[in-house]
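An overview of the molecular structure
Here are the chains, one letter per residue:
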Amino acid sequence: MRSFRAVAHWATMICLVAGAAIVLIQSFWITYGVFVRYALGNPDSMVTEATALLLVPLAFLGLPWALQGDAFPRVEFLYERLPPRAAGAVERIHMAVMALVGGFFAIVAVNATISTYRSGASSSVLEWPEYLFWTPVAFAAIAFVIGALYRLISGERPPKTEVSE
Amino acid sequence: MEWHVVLIGIVTLLSVLIFVGLPIPFAMAASCLPFLWKIQTWDTSLVSTQLKLWGVWVDYVLLAVPLFVFLGELVSRSQIGPRLYYVMQHAVPLRGAAAYGSVGACAGFGAVCGSSLIGALTIGSVALPEMLRLGYSPRLASGVIASGGTLSVLIPPSLILIFYGIVTNASVGQLFIAGVIPGLFLTALFLVVVKVWSMIRPQDVPADSRRERVDLGQIVLAFGPVALIATIIIVSVYFGVATTTESAAVACVVTIILAFTIGRMTLRAFLDSLSATLRTMGFVGLLLAAAALFGFVLTYYRIPQELGAAFGALNLPSHLVLISIVVFYLIVGMFLEPASITFITVPTVFPLVAAAGYDLVWFGIVYTITMEIAVLTPPVGLNLYVLQRMDRTGRLHLIDAVIGCIPFIGVMLLLIAILVAFPSVALWLPSAMK
């Protein structure tokens, strides 16, 4: 059980670091793009497509981290009125559904990684291989499923954190 | 399967899953997947989902979302917000200075942050204990801060306006500009509420707010960063100097520099900003992925079109259509949070609005005000719970926060009425856009 938890934790941390790096790259690269467009009169031809492509992994790299912080918004006013044992059972059902949904997206992402690798599919202008962007999505979705399965088995629920809206 | 059978089935399943407490993105995905597999085989569903996800996420406009989230997190973890509140509070020479200062600081903060929750958290974490310590009634204090936080989603930048623009294909830049005058107007209405409150219940507003003298340097340090970041976002979008996404990125870089130089940001706080951004993206990423599938199922069965036709056949006057939609959102807003409401309902509702002859940019502002009300109404009023959790004295009860918000919700409804009567309040500025 401890190693299961460690795998879930480290996979989450890898996703977190990779996602944080992408946010910083996007911020600085786009700013550089604006700077060279106006200051040097020489627009960066890569920035728009490259940073948009990086959004694909970024959209999913936070998934296991959000699970770890129990940060998904939910309607709790009925759930909170349940007695502890019933709440525990309902929480396990939630985790099972979340693992199944996450599993579906993980299968989609793994399938996409393999198929785009085999087909050589690439982005329209830069011609960057699509599988490079699907691979982190697949990794993040698998990390999420591992985390959800761990919580399903252990019954652990971390303290809730809020997300921006 | 008939469209109305699918509609009833998907809405029932979604409602049940949401009300048993399943996180909303998963409830959305779980409610539409059975219908997706009814339309497609397993293998086809994998490929179509892959194409949907790629189509949704390779989007330069959508890139503004993580950047504005990051911007809000950066500002909230630096001293920019608290400093703004301090100067606002001490610079107002009126009885109730802390309440006026809170509204002003929330509006100023709203110009650099697109999230109502972060707005309420950042200003509230400083203003709430201070107001309670000074002797303001918990109802006024909580009402001012919870409602003031909502200014962040009307005054650009706004995450809700970005989500709305993505769903309806309306220009995010125009939506941002359209939010400026209503946002400032709402700020003025909030100030009027504080004034009227202090006249009706003077016991709720202490006479001595213990004002301290603020020097020019403090004023510059408080307003300078906010003015600079807001200018980068609003002016560059208004004059077409940069896209919304570019303005977000430049604002992030400038904020990083300001936060480390004059905002007393620590490395720890900076890393926390990044991790909080990723946490939000974890939710938004899956929500959009689920919304793409949900939208595909609805579109396959032509549900938005059929619903629009059925609604149109009723021959309702356009203002009745609008009132029905606003009431619908006020009710849904009691149970769901804004991002989920946007992705679940707006794809179906906006064709009705367009068919009734309303401008989609104008409706975006009306919609955003209903979403502001949504975060203030129980049982799922995010800002109310955040405030209650912030209170360390135990004096603030949820019911006080709810009652405290009522006058502010009243003026938000008044603003909707003003926008209906005078659409140019929202549309004049975008129409004058370069």
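The sections below set out a description of the structure shown in this document. These figures come from a predicted structure and were not determined experimentally.

Here we come to the state of the cysteines. Residue and element names in this part refer to chain B. Per the counting criterion, the structure on display carries zero disulfides over all chains. Among the cysteines around Cys405, which has no disulfide bond, Cys106 carries the closest sulfur, lying 11 Å off. What makes Cys405 buried here is its relative accessible area of 0%.

What follows covers the packing of helix α14 (residues 267-300) of chain B against helix α17 (residues 338-355) of chain B. Residue and element names in this part refer to chain B. Remark: α14 packs on α17, axes separated minimally by 10 Å, with the N-to-C direction vectors making an angle of 20°. As judged from the angle between their axes, α14 and α17 are roughly parallel. The way α14 lies across α17 gives a crossing that is right-handed. Contacts between α14 and α17 involve Phe283, Leu287, Leu288, Ala291, Phe294 and Leu298 from the first element and Ala339, Ser340, Phe343, Ile344 and Thr348 from the second. Partitioned by chemical class, the residues of the contact of α14 with α17 number nine nonpolar, two polar and no charged.

All names here are of chain B. Taken together, the side chains of Leu314, Leu316, Leu320, Ile323, Val327 and Ile331 make up a nonpolar region of the molecular surface, amounting to roughly 490 Å² of accessible area. Position of Leu316 among the secondary structure elements: in the loop between α15 (303-313) and α16 (318-332). Given a relative accessible area of 31%, Leu316 falls into the partly exposed group.

Take the pattern of salt bridges next. Residues and elements named next belong to chain A. Inspection of the entire model under this criterion finds 10 salt bridges over all chains. Between Arg74 and Asp70 there is a salt bridge, and its shortest N-O distance comes to 3.5 Å. Since its relative accessible area comes to 3%, Asp70 is described here as buried. One salt-bridge network, held together by shared partners, links Asp70, Arg74, Glu91 and Arg151.

Below, the discussion takes up helix α10 (residues 159-168) of chain B. Residue and element names in this part refer to chain B. Of all 10 residues that make up α10, nine are buried, and the element is covered over most of its length. Looking at α10, one finds that the buried residues are Leu159, Ile160, Leu161, Ile162, Phe163, Tyr164, Gly165, Val167 and Thr168. The secondary structure elements touched by the buried residues of α10 are α4 (64-77), α9 (151-154), α11 (172-200), α14, α17 and α18 (360-374). Its side-chain oxygen at 3.4 Å from the backbone nitrogen of Ile160, Ser158 defines the N-terminal cap of α10.

B:Trp57 and B:Phe363 are the most contacted members of the largest nonpolar core, which has 219 residues in total. With 17 residues, the top contributor of residues to this core is α14(B). With sequence-adjacent residues up to four places away left out, B:Trp57 is seen in contact with A:Ala52, A:Leu55, A:Val56, A:Ala59, A:Phe60, B:Leu62, B:Met281, B:Val284, B:Gly285, B:Leu288 and B:Ala289. Within the second largest apolar cluster, five residues are counted, among which are B:Ile177, B:Val180, B:Tyr238 and B:Leu429.

A word on the interface of chain B and chain A. As a measure of interface size, the accessible area lost when the parts come together is often cited. The interface is formed by 73 residues belonging to chain B together with 57 residues belonging to chain A. For the pair chain B and chain A, the two sides together bury roughly 5700 Å², of which 77% comes from carbon and sulfur. Area buried by chain B at its contact with chain A is led by B:Trp54, B:Leu278 and B:Arg279, which between them contribute 14% of it. For the pair chain B and chain A, the interface holds one salt bridge. Note that B:Glu246 and A:Arg37 form a salt bridge whose closest N and O atoms lie 2.7 Å from each other. At the junction of chain B and chain A, the tally comes to eight residue pairs in polar contact (both at pLDDT 80 or more). The dominant element in the side of chain B that touches chain A, judged by the number of residues it contributes, is α14(B), at 15 residues. Classifying every residue of the side of chain B that touches chain A by side-chain character gives 53 nonpolar, 14 polar and six charged.

Each value, and the rule that gives it
Residues numbered from 1 in each chain as written. Chains lettered and ligands numbered in written order. Predicted model: local features only at pLDDT ≥ 70, side-chain atom pairs only at ≥ 80, totals over all residues. Heavy atoms only, no water. Disulfide = S-S within 2.5 Å. Buried < 20%, exposed > 50% of the residue type's maximum accessible area, 1.4 Å probe, protein only. Axes fitted to C-alpha atoms, helices over the stretch in contact; angles between N-to-C directions. Helix = DSSP H or I, 4+ residues; strand = E, 2+ residues; numbered from the N terminus. Parallel < 35°, antiparallel > 145°, perpendicular 65-115°, else oblique. Left-handed = near helix turned anticlockwise from the far one by under 90°. Contact = heavy atoms within 4.5 Å. Nonpolar A, V, L, I, M, F, W, Y, C, P; charged D, E, K, R; others polar. Patch = residues over 30% accessible without salt bridge, like charges linked within 9 Å, V, L, I, M, F, W, Y side chains within 5 Å. Areas by Shrake-Rupley, 256 points an atom, 1.4 Å probe, with all protein chains shown as cover. Salt bridge = Lys/Arg side-chain N within 4 Å of Asp/Glu carboxyl O. Polar contact = N/O pair within 3.5 Å; in protein donor to acceptor, adjacent residues only side chain to side chain. Core = buried A, V, L, I, M, F, W, Y, C linked by side-chain atoms within 4.5 Å. Buried area = accessible area lost by both parts, 1.4 Å probe.

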